[in-house]
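# Structural description and commentary
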There are 2 protein chains.
Amino acid sequence: MKKIINKLNKAFDNKVRLGIMSMLMVNDWVDFKTLKEMLDLTDGRLASHIKSLEENEFIDVKKEFVGRKPLTSYSATKKGRKAFSDHLDALEELLKNR
Amino acid sequence: MKKIINKLNKAFDNKVRLGIMSMLMVNDWVDFKTLKEMLDLTDGRLASHIKSLEENEFIDVKKEFVGRKPLTSYSATKKGRKAFSDHLDALEELLKNR
DNA sequence: TAGTCTAACTTTGAAATTCAAAGTACTTTT
DNA sequence: AAAAGTACTTTGAATTTCAAAGTTAGACTA
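This write-up is about the structure you can find in this document.

Reading the values: the criteria
- Residues numbered from 1 in each chain as written.
- Chains lettered and ligands numbered in written order.
- Predicted model: local features only at pLDDT ≥ 70, side-chain atom pairs only at ≥ 80, totals over all residues.
- Heavy atoms only, no water.
- Pairing = 2+ DSSP bridges.
- Helix = DSSP H or I, 4+ residues; strand = E, 2+ residues; numbered from the N terminus.
- Contact = heavy atoms within 4.5 Å.
- Axes fitted to C-alpha atoms, helices over the stretch in contact; angles between N-to-C directions.
- Near = heavy atom within 4 Å.
- Polar contact = N/O pair within 3.5 Å; in protein donor to acceptor, adjacent residues only side chain to side chain.
- Nonpolar A, V, L, I, M, F, W, Y, C, P; charged D, E, K, R; others polar.

## Details of the sheet that holds strand 1 (residues 30-31) of chain B
Residue and element names in this part refer to chain B. Reading across from one edge, 1-3-2 is the order of the three strands in this open sheet, with antiparallel pairing throughout. Strands with a single pairing partner mark the edges of an open sheet, and in this sheet they are strand 1 and strand 2 (59-66). For strand 2 and strand 3 (residues 69-76), the ladder comprises eight bridges, and the chain directions are antiparallel. Its bridge partner being in strand 3, Val61 is matched across the sheet by Tyr74. In the packing of helix 3 (residues 43-55) onto the sheet, the strands contacted are strand 2 and strand 3, and the crossing angle to strand 2 comes to about 125°.

## As for the protein's contact with DNA strand D
In the region of DNA strand D, 17 residues are neighbours, and A:Asp43, A:Lys63, A:Thr72, A:Tyr74 and B:Arg45 sit closest. Each atom of DNA strand D within 4 Å of the protein was assigned to sugar, phosphate or base; sugar and phosphate come to 83%. Contact between DNA strand D and A:Lys33: a phosphate oxygen at 3.2 Å from a side-chain N or O atom of the residue. In this structure, B:Arg17 approaches DNA strand D through a side-chain N or O atom, which is 2.9 Å from a phosphate oxygen. Taken together, the elements giving at least two residues each to the surface near DNA strand D come down to helix 2 (32-39), helix 3 (43-55) and strand 3 (69-76) of chain A together with helix 3 of chain B.

## What about the pairing of strand 3 of chain B?
The two faces of the sheet receive side chains in turn, since in a regular strand these alternate between them. Residues and elements named next belong to chain B. As paired elements, strand 1 and strand 3 share two bridges and run antiparallel to each other. When the sheet's bridge partners are listed, Asp31 is paired in strand 3 with Ser73. The loop that links strand 2 with its antiparallel partner strand 3 comprises two residues; one of these, Gly67, has a positive phi angle of about 65°.

## Here we look at the protein's contact with DNA strand C
Near DNA strand C there are 16 residues, and of these A:Arg17, A:Arg45, B:Lys63, B:Thr72 and B:Tyr74 occur at the shortest range. A share of 79% is what sugar and phosphate atoms reach among the atoms of DNA strand C within 4 Å of the protein. In this structure, a phosphate oxygen belonging to DNA strand C sits 3.4 Å away from a side-chain N or O atom of B:Lys33. Measuring from a phosphate oxygen of DNA strand C, one finds a side-chain N or O atom of B:Lys63 at 2.5 Å. Every element with two or more residues in the surface near DNA strand C is listed here: helix 3 of chain A together with helix 2 (32-39), helix 3 and strand 3 of chain B. Counting residues per element, the surface near DNA strand C draws most heavily on strand 3 of chain B, which supplies four residues. Partitioned by chemical class, the residues of the surface near DNA strand C number five nonpolar, four polar and seven charged.

Structure follows, in structure tokens:
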């Protein structure tokens, strides 16, 4: 019981990053605009949190054109899935007696 | 689905406050020293997070003497329980497809 | 009775985080 | 040529977080 909270990953203590990762755990690839709408964010705010997840290598990026428009999509890496899953396990453990 | 993350309570995005509230959801009264040890915190850090939860009226304080020593204990208020429970519901909803 | 200890804080200051707002680059549509 | 769409980046300021040191008050100790 001594240090469960230390198993919680700092990368996921923020709402936005939690939201992004949740989306990416369920859906293989999610594009920028969808994330933005789902999470009700401005471009800048979304982009900055995406960047930090990328820097942690928790998500991958794919850039393509659909029709004539650019489409940037994201997916959780194996490392990201593991980290997020571990984080949720720690959360669950912390809260198991709710 | 549009704004689940907005239901997450800012008061609980921090590890320490999450930890404190978890303890207080399970145990009626928990004293300062126990919290400190359970959560592996310094006095100051614990005290400051407790203060913010108090200011939100999420926890109550009880000061007494046991033997000849002061003993300060904390419990979750009704308001605190509700807020925390709502927060966990939002978390669950966000993560339900894990 | 002067000094030390324990419990529970408070204060201070600096680092880290978060965010809104504005700006950028490239392309398509009108 | 101008406006709009997509996906950012930059800037600066507010907020949050934390470690470290200082404080208070009573209790015990020499």
